[in-house]
Amino acid sequence: MRVAAPGVPEEAPHRPGGRIGSVEVLAGLLILLVVFREPLAGALATPRLQTWTTVFVSVLVQAVPFLVFGVLLSAVIAVFVPRSFWARALPRHPALAVPVASAAGVVLPGCECGAVPIAGSLIRRGVTPAAALAFLLAAPAINPIVLTATAVAFPDDPRMVLARAVASLVVAMVMGWLWLRLGRADWIRLPRRPELDDSSRGRAFWAAVRHDVTHAGGFLVIGAAAAATINVVVPERWLQTLADNPVLSVLALAALAVLLSLCSEADAFVAASLAQFSLTSRLVFLVVGPMVDLKLISMQTGVFGRRFALRFAPATFAVAVAVAVATGAVLL
């Protein structure tokens, strides 16, 4: 019998009970597409819908490779890495495990899409949730690929790389320590994973991969659709108006980072293109984006539960903005 991570309750398994499955839903959608293909083709020809489709596909194309990488690593952690490894790798005291787990994000070349399932697997393997959540926030923002992309995007402002790394690391540690202080175990509701109990590690591995790709991928699609809708609805001329006010520019780029839902490997180039905004406000954009965005909130809801996401995302947003502004005032 598999034992749950200490202090983290798990949901009871869902039984089909004759409900319509994903295969039936997909078949129904395909039939509707065939029946209404002509009006749909005409509707998609409009410029706004073409923009929506472009943004939607771009978010998915950026995120899916890293999601798959994260899912594979998550399955390896869940199936092949023994619980005793984490007991040896991380300090026993949770407060000390948080900075160690945050610093571990430096060695993982992935984005937020992959960090979510990895953090879920870490909690399942007995890692204290505070450390796993600190890793979830740090890994997408301070790994070598992201920092290299930031250096390329800001060739004339090398301080941006240091500021991004420092601010992101501080936010991850602060949120981990806040979870130790204020977090409750019943806010995290990890779904049961009976496929991990398979006696064959190979079968358990591929079952875990299929589960995570289907589960996290579905929420990724929802987040990508929301981001594309925001891109079409929000007028670009608002940006220049907001950039002229220091306070509003920070809040505007923080909100924009949430709404655009860019992959952390690509967001530095978008931030660099927003030349009308100050370096500090663009740093806020780079710190908030990998930690709080629409697709990430959706995926956190699917992996950890709605009660967790409703509390963790707003708290992370507030801490990220405050730390990024303070870091920008010192380093930029």
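In the block above lies the structure referred to throughout.
Residues numbered from 1 in each chain as written. Predicted model: local features only at pLDDT ≥ 70, side-chain atom pairs only at ≥ 80, totals over all residues. Heavy atoms only, no water.

**Student:** Please explain the overall build of the protein as it appears in this structure.
**Tutor:** Helix and strand counts for the protein stand at 16 helices and 2 strands. For the protein, with 332 residues in total, the buried portion stands at 46%. Considering only intrachain contacts with a sequence separation of at least 6, the fraction spanning at least 24 residues in the protein is 83%. For the protein, the accessible area works out to roughly 16000 Å², and carbon and sulfur atoms hold 70% of it. (Helix = DSSP H or I, 4+ residues; strand = E, 2+ residues; numbered from the N terminus. Buried < 20%, exposed > 50% of the residue type's maximum accessible area, 1.4 Å probe, protein only. Contact = heavy atoms within 4.5 Å. Areas by Shrake-Rupley, 256 points an atom, 1.4 Å probe, with all protein chains shown as cover.)

**Student:** Would you mind going over helix α15 (residues 294–304) with me for this structure?
**Tutor:** Note that an α-helix has 3.6 residues per turn; residues three or four places apart therefore point the same way. In terms of burial, α15 is a largely internal element, 8 of the 11 residues being buried. Among the residues of α15, those classed as buried are Lys295, Leu296, Ser298, Met299, Gln300, Gly302, Val303 and Phe304. Just downstream of α15, Gly305 is the residue with a positive phi angle, here 110°.

**Student:** I tried to follow the pattern of salt bridges on my own but got confused; where do I start?
**Tutor:** Where charged atoms from two side chains of opposite charge come close, those side chains can pair. Using the criterion set out here, one finds 3 salt bridges in the structure. Residue Arg159 is joined to Asp157 by a salt bridge in which the shortest nitrogen-to-oxygen separation is 4.0 Å. What makes Arg159 partly exposed here is its relative accessible area of 42%. Note that Arg164 is salt-bridged to Asp267, the shortest N-O span being 2.9 Å. With a gap of 103 residues between them, Arg164 in helix α9 (residues 159–182) and Asp267 in helix α13 (residues 267–273) connect regions that are remote in the sequence. Residue Arg164 shares its accessibility class with Asp267, and that shared class is buried. (Salt bridge = Lys/Arg side-chain N within 4 Å of Asp/Glu carboxyl O.)

**Student:** Got a minute to help me understand the packing of helix α7 (residues 129–142) against helix α8 (residues 144–153) in this structure?
**Tutor:** Any two packed helices are characterised by how steeply their axes cross, that is the angle between the axes, and by the distance between the axes. Interaxial distance between α7 and α8 falls to 5 Å at its minimum, and their mutual angle equals 40°. Between α7 and α8, the crossing angle belongs to the class labelled oblique. Across the interface between the two elements, Pro140, Ala141 and Ile142 of α7 pack against Pro144, Val146 and Leu147 of α8. Partitioning the contact of α7 with α8 into residue classes produces 6 nonpolar, no polar and no charged. (Axes fitted to C-alpha atoms, helices over the stretch in contact; angles between N-to-C directions. Parallel < 35°, antiparallel > 145°, perpendicular 65-115°, else oblique. Nonpolar A, V, L, I, M, F, W, Y, C, P; charged D, E, K, R; others polar.)

**Student:** Just to check I follow, could you spell out the packing of helix α14 (residues 279–288) against helix α16 (residues 306–331) for this structure?
**Tutor:** Contact geometry for α14 and α16: axes closest at 9 Å, N-to-C directions at 140°. Between α14 and α16, the angle is such that the two are oblique. As for the relative orientation of α14 and α16, their crossing is right-handed in sense. Each of Thr280, Leu283, Val284, Val287 and Val288 in α14 lies in contact with α16, whose residues at this interface are Phe317, Ala320, Val321, Ala324, Val325, Thr327, Gly328 and Ala329. Taken together, the residues of the contact of α14 with α16 sort by class into 10 nonpolar, 3 polar and no charged. (Left-handed = near helix turned anticlockwise from the far one by under 90°.)

**Student:** Where do I start with α14 in this structure?
**Tutor:** Along α14, 9 of the 10 residues are buried, which leaves the element largely enclosed by surrounding structure. Of all the residues in α14, the buried ones are Leu279, Ser281, Arg282, Leu283, Val284, Phe285, Leu286, Val287 and Val288.

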